[in-house]
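# Topology and contacts: notes
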Amino acid sequence: MKITVAICCLNSERVLTNTLTTLRKNAPKAIQIIVVDDGSTDNTAKIASAHGALVISHNENLGYAQARQSALDNCDTEILAFIDDSCLVAHDWYSNLEKLWASVPATTKIIAGLMEIHEPQSFLQKFQARHNPFLPLPASFSRTNGFFSKLMAYLKGKRPIKAASIASFSNGNVSMRVPCVKEIGGYDPLYSIGAEDEDLAARVIRQFGTSAIHFDQAVLVRHVSDSSFKSFIKRSFKYGRSSAFRYHLEGGLPTLMPIPVLVSMLFAFALAFQNYPVALITFLSIPFLYALRSRSAKYFIPDSYLLLVSEIAHLVGFLLFLFL
C-alpha cells in the first residue's frame, strides 16, 4: 500500500531539514512527500525541493485548513499521512502505518498515532512530556457531551491510550483514506486559525460512525518542542483561540476550565478587599485542585502551578477571540 506524506509549513526553514532527513531515512526511497508552503517568506520551499518533495506554494498565508486541503487535492495515493514540520518520525513509523492500514477494517477511515515530546531536557519540556497535550480524546467524548461529563473529563485530564477508537486527533501524526475524506468535503477552509482537525474528526464520525477513527500508539512521531516559557504560553493561547473559533462556528459546550476561573475570582476578591489570607489560602490550594490530574508525585506541586498558568493562557485566548 502506497502512502503519501504531507507537511504543511509556514517559515519552517529552522526545523524542516531535520524533519525531512529523518522521514527519508525511515521511509521507502520512492515515497511521495508533499510540502505545502503556506505563504512562507524564508527558504522553506527551497529546502523542501532539495529533499525531493513536491512543493505546493501559496502566494499568501491561507491558514491551516486550506494548507491541508491543498495536500489532499494533490495526493495521488489512497492514503495521505500528515506530520508537522517539527516532528521526527520513529524508525518504524512508516512500516507500522503500512501494517495497520493493511489490517484495519474498511470502516476505519482515519488512523492517528502518538505524538511525544522529543528528548525533553528543560523542566518545561519534561512537564509537557508528563502532561502530553497531543494525547487523543476517547471515542466517548464529543462536543455534544453534557456539562457533568465534560467536567469530569476536565478534572481527570487526558490519559494515555494504547489502541482504540477516538473522537479527535492531532494533525501532527494522522493518516486518512483520501476518497472518504473528499466524500465529506475535505477540510473546511473556514478553519484558518486552527481546530480544522477537530472539525474534520467530528464530520468523519457523523458520516461513518464512532469506529471510523482509530488510534494506535505504535505509530509514533516525536515533536521537537521549543523550551521557552513564551512558546509554552503562546501554544496554550493558540489552543484557546482555536476553541473559541470553533465555538463561534458550531456552538455547543466549549472546553470547561473551572479551576482557573475559580482561582482568578478568588484572587480578584482578595485583591479588591485586601484580604491577603484568602489569597494565600487560594495559592496553597492550587495543587489540591489539580490532584486528579497529577502524573508525578515528585513534581506534583510545580506541575499544578504550570497547569494553572497554561489554562489561564488558554482562557485568555478563548475570551479575547470570542469577545473582541
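Here the residue numbering is sequential within each chain, running from 1 through the sequence in written order. Selection of residues for local features in this predicted model requires a pLDDT of at least 70, selection of side-chain atom pairs for listing and counting requires 80 or more, and totals for whole chains, interfaces and linings are taken over all residues. The basis for the side-chain values is all heavy atoms of the structure; hydrogens and waters are excluded.

Each pair of packed helices gets described by two things: the angle between the helix axes and the distance between those axes. Angles run from 0 to 180 degrees between N-to-C directions of axes, and those axes are lines fitted to C-alpha atoms, restricted for helices to the stretch in contact. To qualify as a helix, a DSSP run of H or I must reach at least 4 residues; to qualify as a strand, a run of E must reach at least 2; elements of each kind are numbered from the N terminus. Closest axis-to-axis distance for the helix H11 (residues 276–289)/helix H12 (residues 300–323) pair is 8 Å, and the angle between their directions is 100°. Relative to H12, the element H11 is oriented roughly perpendicular. The residues of H12 that touch H11, namely those facing Phe283, Leu284, Ile286, Pro287 and Phe288, are Phe300, Ile301, Ser304, Tyr305 and Leu308. Tallied by class, the residues present in the contact of H11 with H12 amount to 9 nonpolar, 1 polar and no charged. Any angle between 65 and 115 degrees counts as roughly perpendicular, while under 35 counts as roughly parallel, over 145 as roughly antiparallel, and the rest as oblique. Only heavy atoms matter for contacts: two residues are in contact if any of them lie within 4.5 Å across the pair. We call Asp, Glu, Lys and Arg charged. Ala, Val, Leu, Ile, Met, Phe, Trp, Tyr, Cys and Pro are nonpolar, and the rest, Gly among them, are polar.

A word on the pattern of salt bridges. Salt bridge, as used here: a side-chain nitrogen of Lys or Arg that lies within 4 Å of a carboxyl oxygen of Asp or Glu. Across all of its chains, the model carries 7 salt bridges by this definition. Across the salt bridge formed by Arg68 and Asp84, the nearest N and O atoms sit 3.5 Å from each other. Of this pair, Arg68 sits in helix H3 (residues 64–73) while Asp84 sits in the loop between strand E4 (79–83) and strand E5 (87–89), and the two are 16 residues apart along the sequence. The residue Arg177 makes a salt bridge to Glu78 at a minimum N-O spacing of 3.5 Å.

Stacked, edge-to-face and tilted are the three classes for Phe, Tyr and Trp ring pairs, Trp counted by its six-membered ring, which pair at centre distances within 6.5 Å; planes under 30 degrees apart are stacked, over 60 edge-to-face, the rest tilted. Tallied over the full model, the rule gives 11 aromatic pairs. A centroid spacing of 5.9 Å and a plane angle of 40° characterise the contact between Phe229 and Phe232, whose relative ring orientation is tilted. One end of the pair is Phe229 and the other is Phe232, both in helix H9 (residues 229–250) and 3 residues apart, which spans about a single turn. Judged by relative accessible area, Phe229 falls into the partly exposed class, the value being 45%. Every member of this aromatic cluster is reached through a ring pair, and the members are Phe127, Phe229 and Phe232. Here, a charge over a ring is recorded when the distance from Lys NZ or Arg CZ to the ring centre is within 6 Å and its angle to the ring normal is within 35 degrees. Positioned above the aromatic ring of Phe208 is the side chain of Lys109, whose terminal nitrogen or guanidinium carbon lies 5.0 Å from the ring centre. Burial here depends on accessible area, computed with a 1.4 Å probe over protein chains only, as a share of the maximum for the residue type. Under 20% is buried, over 50% is exposed, and the range in between is partly exposed.

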